[in-house]
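Single-letter residue listing:
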Amino acid sequence: MSLLKYERIVMRMVLKDRRHVLLLVLLSAIFTAIYLVLLPSLPNGTINPMFIEFITPMQIIFSFIFGIMIGLMITLNIYAAKLKIRTSKGGPVAGVLIGTLVNALCCTPIIPSILAFLGASTPVLFAYSPHIQAFFEQNYPYFYILSFLIFLAAFHYTAKNISCCKRG
């Protein structure tokens, strides 16, 4: 079996229709714009378009990757729904959550709140919370890569489901 066989088959089928191409481009642009604001905003604890000035080159790259992958997955799932083909929906959701949650865990009050909810005292919060948050801050590129790999796996399995049921 050749590399990316299912993906090539499905992309040819889906991109034959101009409406699907337009949908893919539109959704990719929208989600890329959202990620361009979201990724640099989350470490500050709020989502604010003003924080885009703090975006890193890596966040720009992953904003485009995530935006395109989400647009692609939505387009493929709409195409599959028209053909009444069942696809897995957990992969893209997991990719989105991992890609955005990592920034939220590094610098927001989520980790201290979770520790407090679990009954940690103030000295425990001050002792452990910065170390946990630093772990996410220092390793966020790995979480972005993990998110991308989840997107790729979801894309592969969705493409496999569609291409096995419909040949075009």
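Since we're looking at a predicted model, the values are computed, not measured.

Remarks on the confidence of the model for the protein
Overall, the predicted model of the protein reaches an average pLDDT of 80, with 79% of residues at or above 70. Mean pLDDT values for the elements of the protein range from 64 in helix α4 (residues 90-107) up to 91 in helix α2 (residues 18-41).

A look at the pattern of salt bridges
Under the definition given, this model contains 1 salt bridge. R19 is the salt-bridge partner of D17, the closest N and O atoms lying 3.1 Å from each other. A relative accessible area of 22% means that D17 is categorised as partly exposed. Residue class for R19 comes out exposed when judged on its relative accessible area of 59%.

Structural notes on α2
Between its first and last C-alpha atoms α2 spans 35 Å; for 24 residues at 1.5 Å apiece the expected length is 34 Å, and the two agree. Restricting attention to buried positions, one finds in α2 the residues H20, L24, L27, S28, T32, Y35, L36, L38, L39, P40 and S41. Its side-chain oxygen placed 3.0 Å from the backbone nitrogen of R19, D17 serves as the N-cap of α2.

Some remarks on the packing of aromatic side chains
Counted by the stated rule, this structure contains 8 aromatic pairs. With 5.9 Å between their ring centres and 90° between their planes, F66 and Y144 make a pair best called edge-to-face. You can see F66 sitting in helix α3 (residues 57-82) and its partner Y144 sitting in helix α7 (residues 140-165), a full 78 residues away along the chain. The burial state of F66 is the same as that of Y144; both residues are buried. Members of the aromatic cluster, joined through ring pairs, are Y35, F62, F66, Y140, Y144 and F151.

Some words on a positive patch on the surface
Together, K5, R8, R12 and K16 make up a region of like positive charge exposed at the surface. Topologically, R12 is positioned in helix α1 (residues 5-14). Residue R12 is classed as exposed on the basis of its relative accessible area, which comes to 52%.

A short note on the side chain of H20
Topologically, H20 is positioned in helix α2. Other than its neighbours up to four places away in sequence, H20 contacts V14, T75, Y79 and K82.

The rules behind the values
- Residues numbered from 1 in each chain as written.
- Predicted model: local features only at pLDDT ≥ 70, side-chain atom pairs only at ≥ 80, totals over all residues.
- Heavy atoms only, no water.
- pLDDT = per-residue confidence, 0-100.
- Helix = DSSP H or I, 4+ residues; strand = E, 2+ residues; numbered from the N terminus.
- Salt bridge = Lys/Arg side-chain N within 4 Å of Asp/Glu carboxyl O.
- Buried < 20%, exposed > 50% of the residue type's maximum accessible area, 1.4 Å probe, protein only.
- Expected span 1.5 Å × (residues − 1).
- Polar contact = N/O pair within 3.5 Å; in protein donor to acceptor, adjacent residues only side chain to side chain.
- Phe/Tyr/Trp six-rings, centres within 6.5 Å; stacked < 30°, edge-to-face > 60°.
- Patch = residues over 30% accessible without salt bridge, like charges linked within 9 Å, V, L, I, M, F, W, Y side chains within 5 Å.
- Areas by Shrake-Rupley, 256 points an atom, 1.4 Å probe, with all protein chains shown as cover.
- Lys, Arg positive; Asp, Glu negative; His and termini not counted.
- Charge placed at Lys NZ, Arg CZ, Asp CG, Glu CD.
- Contact = heavy atoms within 4.5 Å.

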